[in-house]
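Chain by chain, the residues run as shown.
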Amino acid sequence: MSDEQANPTRQSSNVNESNTDCTETQDETGKNDPTIPDLAFKRRNYLKAAGVAALSGIGLGGVTAGAPTASGPPNESDWTLSFEDDFDGTALDTSNWGIGWGWGMGAPGSKITWARERHVNVRDSMLVLTASHEDWESNGVLYAGNVHSKDKVTVEPPVYFEARCNFIQGVGWQNAFWSKPNDEAWPPEIDVVEYLQPSASRADESSHNLHYAASGIPGDSSTHRSVNGSHEYSSESEWPGNTFHVYGVEWREDAIRHYVDGQLVEETTDPDVLESFNRGGPEYLMLSLNLDNVGTTDKSVSWEGREYLTDWVRVWDYTPDSSDGGDTDTSESHYVWVRSANGEEATFAFRAGDGNIRLDDSGQEADYWIADDGMTAGGSVARTSSLPGFRIDGPITDLAYDGPLEIYVDDQQVDPDTLVDPNTEGPTDPNALPNTVTIDGSPYSETASYSVTVSDSIEPAKEMNQADSIDGATATGTVGGGSDKYAFSGSIASLSVDGKADVRLNGLAVDELVVRRSSESSGTVSYIVETTGRLMQSRQDGATIDSSDAVDSSKAKGRVDADADAFWLVDGDVVDVSTFGGSVVTELNGTVIDRTD
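**As for the overall build of the chain**
Each helix and strand counted, the chain has two helices and 46 strands in total. The buried share of the chain, reckoned over its 597 residues, is 53%. Contacts in the chain between residues at least 24 apart in sequence constitute 75% of all its contacts with a sequence separation of at least 6. For the chain, the exposed surface amounts to about 24200 Å²; the carbon and sulfur share of it is 42%.

**Examining unusual backbone geometry**
Residue P158 is bonded to the preceding P157 through a cis peptide linkage, with omega at -5°. Of note, P158 is situated in the loop between β10 (154–155) and β11 (159–166). Residues W186 and P187 are joined by a peptide bond in cis, for which omega reads -10°. Relative to the elements of secondary structure, P187 occurs in the loop between β12 (173–181) and β13 (189–195). Residues other than glycine seldom take positive phi values, yet D151 does so here, at roughly 65°. On the secondary structure map, D151 appears in the loop between β9 (147–148) and β10.

**Quick notes on the nonpolar core**
F161, F177 and L287 are the most contacted members of the largest nonpolar core, which has 63 residues in total. Among residues more than four places away in sequence, those in contact with F161 are V155, F177, S179, I190, V192, Y247, G248, V249, W251, L285, R314 and V315.

**Some points on the pattern of salt bridges**
Enumeration over the complete set of coordinates arrives at 24 salt bridges. A salt bridge links R118 to E134, with the shortest nitrogen-to-oxygen separation between them at 2.5 Å. Of this pair, R118 sits in the loop between β4 (113–115) and β5 (120–123) while E134 sits in the loop between β7 (131–132) and α1 (136–139); the two residues are 16 residues apart in sequence, bridging distant segments of the chain. According to the relative accessible area criterion, R118 is partly exposed, its value standing at 45%. The closest approach of N and O atoms between D393 and R358, which form a salt bridge, is 3.2 Å. With D393 in strand β26 (residues 389–393) and R358 in strand β23 (residues 358–360), this pair connects stretches of sequence that are 35 residues apart. Overall, D393 belongs to the buried group, its relative accessible area being 18%. The exposure class of R358 is partly exposed, given its relative accessible area of 31%. Residues joined in a network through salt bridges with shared partners are R116, R118, E134 and D135.

**Structural notes on helix α2 (residues 271–280)**
Burial in α2 covers these residues: V273, L274, S276, F277 and G280. All buried residues of α2 lie within an arc of 155° about the axis, which places them on one face of the element.

**Overview of the sheet that holds strand β31 (residues 448–454)**
On the basis of which strands lie adjacent, the open sheet formed by four strands has the order β33-β34-β31-β36 and antiparallel pairing. Edge positions in the sheet fall to β33 (469–471) and β36 (492–498), since each has one partner strand and no second. When the angles between neighbouring strand axes are averaged without regard to direction, this sheet yields 15°. Alignment of β31 against strand β34 (residues 474–479), held across six bridges, turns out to be antiparallel. Its bridge partner lying in β34, S451 is registered against T476.

**Description of the sheet that holds strand β39 (residues 525–531)**
Here four strands make up an open sheet; going across it, the order is β41-β42-β39-β44 and the pairing antiparallel. In this open sheet, the two strands that pair with only one neighbour each are β41 (550–552) and β44 (574–580). For this sheet, the mean inter-axis angle between neighbouring strands, taken without regard to orientation, is 15°. For β39 and β44, the ladder comprises six bridges, and the chain directions are antiparallel. Bridging from a neighbouring strand, E530 pairs with D576 of β44.

**Here's the deal with the packing of aromatic side chains**
Enumeration over the complete set of coordinates arrives at 20 aromatic pairs. Summarising the aromatic geometry, the rings of F350 and F390 are spaced 5.3 Å apart at their centres and angled 80° between planes, so their arrangement reads as edge-to-face. Of this pair, F350 sits in strand β22 (residues 346–352) while F390 sits in strand β26, placing them 40 residues apart in sequence. Accessibility assignment for this pair places F350 and F390 in one class, buried. Taken together, the ring pairs connect W79, Y160, Y259, W316 and Y318 into an aromatic cluster. Here the guanidinium or amino end of R116 rests over the ring plane of Y143, the centre of that ring lying 3.5 Å away. The ring of W136 carries the charged tip of K299 above its face, separated from the ring centre by 4.6 Å.

**Things to note about the environment of S125**
As for its placement among the helices and strands, S125 is situated in the loop between β5 and β6 (126–129). Spatially, the C-alpha atoms of S125 and T90 are 8.2 Å apart, while their sequence positions differ by 35 residues. Among the polar contacts listed, one links the side chain of S125 to the side chain of D88, at a separation of 2.9 Å.

Cut-offs applied
Residues numbered from 1 in each chain as written. Predicted model: local features only at pLDDT ≥ 70, side-chain atom pairs only at ≥ 80, totals over all residues. Heavy atoms only, no water. Helix = DSSP H or I, 4+ residues; strand = E, 2+ residues; numbered from the N terminus. Buried < 20%, exposed > 50% of the residue type's maximum accessible area, 1.4 Å probe, protein only. Contact = heavy atoms within 4.5 Å. Areas by Shrake-Rupley, 256 points an atom, 1.4 Å probe, with all protein chains shown as cover. Core = buried A, V, L, I, M, F, W, Y, C linked by side-chain atoms within 4.5 Å. Salt bridge = Lys/Arg side-chain N within 4 Å of Asp/Glu carboxyl O. Arc of directions from axis to C-beta. Pairing = 2+ DSSP bridges. Axes fitted to C-alpha atoms, helices over the stretch in contact; angles between N-to-C directions. Phe/Tyr/Trp six-rings, centres within 6.5 Å; stacked < 30°, edge-to-face > 60°. Lys NZ or Arg CZ within 6 Å of the ring centre and 35° of its normal. Polar contact = N/O pair within 3.5 Å; in protein donor to acceptor, adjacent residues only side chain to side chain.

Written out as structure tokens, the structure reads:
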């Protein structure tokens, strides 16, 4: 997805040694769109290994999917399907996907394409991405549909992932299915497939590229290099813009292989390339449209009916000789040992089938707990070695975790996702505070300060930085390139953020909503705001709270004159604003929105 592909090579496995502008340099463009709020939701997604074989083609109504194409990894018996989205519902599954790119709403490279929610639809068992140029003449902006799985579904080796897609054909249309590190440290990047056309002569081929750091250090864009591959199709009817194909990648520590319809089209085994990927994972997935990044689109014609269609997305984990479910032997005691995969903090809680959990510390200390009944245990860990373990009776029957966790049972590494029971909320520390608030500055380059006051108790849910502190029921601190997380009981009494940071309450996105009197009005203006989420009053940005202001769950009413009213909006969007005695200006995360009739 880098700018260098404006003149892509047709030679397979060409290692490009030039440094060029790249995806990461554009990560912040999506944060300043003058018209579009960030609509991405961030929630954890626990994956349970399904233990089923690859599925055959699905019969579809409305949209014609064509004949089934080859699906699944090579030697499929050695793999377990761990994630699948068939887009069988009527709307995007937000537990799997967010709107936009993982870093925001602005595209890489072109700087003129912005994600818009109405260009993302699910119908006829398809994800449908579209685009429009209706505002091109007025503001030079193009809008497109894009989805990402950041903080929801991630992949790391050994893994195989694929999608069945039918792309939009046309000069200037860059269709892609790709992945990049969940922590946004670019490069590396895996382009499972790109269908881009700088000219009409490129309509008969797809691109399959890798972007990596020659230094091997994730995020070192100064040493950005690429491995560029391509695949040509034998007939016009088989062009990626004319029919469906299955595009997949097998990512192992010693090789990365690209497949089209089960056929190997590209393989990379260069250790210098692979080091960058193995140190940079896990990665999240994206299905995206980028316009005028490679070639220039024809804006003199309507784009109605042009659709990037995705039949399904699937992920397989490599589990040779594994048994269904990943449970350990139920008849004996076992030794459980956990660690951080990369030195960053991970939290966990597990349940033992027959209980009797006890700590085997061997002189090591850790922030672990065991419930009084001996059935559940957990803690947090940021080390990769010198850690105690647990002795348990029976198998692990459920696991909840967050972060880069590795778990070993009887000295054998086990994929933690195979231990998660998706039908439960997961085990928890019985003594832990029930709610969490997260202030996340990782998507932004500048430092933001914050203050959170709760009605009861608050404590750190992860290790605090030197700039962070807790005084009674108030936590204050700063975030820059990272995040702070607190557990609390009661409710949020006040919340303020100075600078750019994302806020999540119990894992749900929190947005800042401000209502001001417009410059066209005078005196006092009354208003009613209706949302699809939950509102909390705020004194953010100098806002006042007086007797005329009231909040009833998803609705708020009040009056503004020279002052402003502010609210925190949890997991929702503004759907309507009604005014009386004048007009108001409504801002969501600093962006003016119009929800008046």
